[in-house]
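Fold and contact review
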Amino acid sequence: MSIETFIQEIDTRKRKEIEGLEKDLQESKSRLQAEMNHTLKEIQERFSTEAKVKSEREQARIIEASKLRAKKIMFDAINSNMQSAFTVIQQEIETYTKSPQYKKSLETMVNNAKKKLGQNIIVHCREEDKSILKELGVTTSKSVKTLGGIIAENKEGTRELDLTFEELLRTNEDQVKSFLSEKM
């Protein structure tokens, strides 16, 4: 065999090996590219899902916070309206205490107090009401600061009945608020 044939055979083998290596390299490169694309797609999907979950959570938090703020605004508005209504009620009571019907209310309060505490009662009232109560034959004691009504106690001072308008409003506050809510 001649050297040239030998060199040609070496060149041919070398070219085949290079072609085989290039082919292996191309296959490895394609396989790596496919794995990289697959991994990249998985990462994108995972982050997209996480972002969507976080976004939905944040959206729910914002909505709930907004609902809470809206409820607070409504509550404050209702309380403001209630306070205004109670102020009007107090003004109406002041007007009522100057009317002739108020004397009848005092008489009814005294009669109720006598039923609950006994016939001998001592009444605490506004200074303006003492003359009316004396006309009704009731013993009055100290003056109290009130819109109207009476505080009655038995002679022994062991039992008391508060029939002032403030106390009547306070004890019936839930009913008054319910009534006012229906009207608003």
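In what follows, the accompanying structure is described. Everything numeric in this text was worked out from a predicted model, so none of it was measured. (Residues numbered from 1 in each chain as written. Predicted model: local features only at pLDDT ≥ 70, side-chain atom pairs only at ≥ 80, totals over all residues. Heavy atoms only, no water.)

Glancing now at the overall build of the chain. What the chain contains, in helices and strands, is five helices and four strands. Mapped in sequence order, the helices and strands of the chain form the string α-α-β-α-β-β-β-α-α. Here the C-alpha radius of gyration of the chain, 47 Å, is well above what a compact globule of 184 residues would show, namely 16 Å. Its C-alpha atoms give the chain principal-axis dimensions of about 155 × 35 × 20 Å. Residue burial in the chain is summarised as follows: out of 184 residues, 24% are buried. Put simply, of all contacts in the chain between residues at least 6 apart along the chain, 53% involve residues at least 24 apart. (Helix = DSSP H or I, 4+ residues; strand = E, 2+ residues; numbered from the N terminus. Rg over C-alpha atoms; globule rule 2.2 N^0.38 Å. Buried < 20%, exposed > 50% of the residue type's maximum accessible area, 1.4 Å probe, protein only. Contact = heavy atoms within 4.5 Å.)

Given a rise of 1.5 Å per residue, 18 residues ought to cover 26 Å, and the 26 Å separating the end C-alpha atoms of helix 2 (residues 100–117) matches this to within 8%. Those residues of helix 2 that are buried are in contact with helix 1 (3–96), strand 1 (121–125), helix 3 (130–135), strand 3 (149–154), strand 4 (160–164) and helix 4 (165–171). Gly118 sits one or two positions beyond helix 2 and adopts a positive phi of about 105 degrees. (Expected span 1.5 Å × (residues − 1).)

Bringing the pairing of strand 1 into the picture now. With five of five residues buried, strand 1 is to be regarded as a mostly interior element. Summarising the sheet, strand 1 and strand 3 pair through five bridges and their orientation is antiparallel. When the sheet's bridge partners are listed, Val123 is paired in strand 3 with Ala152. The sheet contact formed by strand 1 and strand 2 (residues 139–143) spans three bridges and is parallel. (Pairing = 2+ DSSP bridges.)

Moving on, we get to the packing of aromatic side chains. One pass over the full model with this rule turns up three aromatic pairs. Arranged with centres 6.0 Å apart and planes meeting at 80 degrees, the rings of Tyr96 and Tyr102 form a pair that is edge-to-face. Judged by centre distance (6.3 Å) and plane angle (65 degrees), the rings of Tyr96 and Phe165 are edge-to-face. Within this pair, whereas Tyr96 is found in helix 1, its partner Phe165 is found in helix 4, the two being separated by 69 residues in sequence. Phe165 sits in the buried class, given a relative accessible area of 13%. Among the aromatic residues, those joined into a cluster by ring pairs are Tyr96, Tyr102 and Phe165. Looking at Arg46, its charged tip hangs above the ring of Phe47, at a distance of 5.0 Å from the centre. (Phe/Tyr/Trp six-rings, centres within 6.5 Å; stacked < 30°, edge-to-face > 60°. Lys NZ or Arg CZ within 6 Å of the ring centre and 35° of its normal.)

Strand order across the open sheet formed by four strands is 2-1-3-4, with mixed pairing between neighbours. The sheet is open, and its two edges are formed by strand 2 and strand 4, each paired on a single side. Across this sheet, the average inter-strand angle for adjacent strands is 25 degrees, counted without regard to direction. Together, strand 1, strand 3 and strand 4 form the strand contacts of helix 2, whose direction differs from that of strand 3 by roughly 20 degrees. (Axes fitted to C-alpha atoms, helices over the stretch in contact; angles between N-to-C directions.)

Ranked by size, the top nonpolar core spans 22 residues in total, and within it Leu106, Ile121, Val123, Leu133, Ile150 and Ala152 carry the most contacts. Secondary-structure elements contributing two or more residues to this core are helix 1, helix 2, strand 1, helix 3, strand 3, strand 4 and helix 4. For this core, the element with the highest residue contribution is helix 2, accounting for six residues. With residues near it in sequence (within four places) discarded, Leu133 still touches Leu106, Val110, Val123, Cys125, Val138, Thr140 and Ile150. (Core = buried A, V, L, I, M, F, W, Y, C linked by side-chain atoms within 4.5 Å.)

In this structure the tally under the stated criterion is eleven salt bridges. One salt bridge in this structure joins Glu127 and Lys130, with 3.8 Å as the shortest N-O distance. For Lys130, a relative accessible area of 16% puts it in the buried group. Salt-bridge contacts for Arg170 lead to Glu167; the nearest nitrogen and oxygen are separated by 2.6 Å. Taken as a pair, Arg170 and Glu167 lie in helix 4 at a separation of three residues, close to a single helical turn. Linked by salt bridges that have partners in common, Arg126, Glu128 and Asp129 make up one network. (Salt bridge = Lys/Arg side-chain N within 4 Å of Asp/Glu carboxyl O.)

Keep in mind these numbers describe shape, not what the thing actually does.
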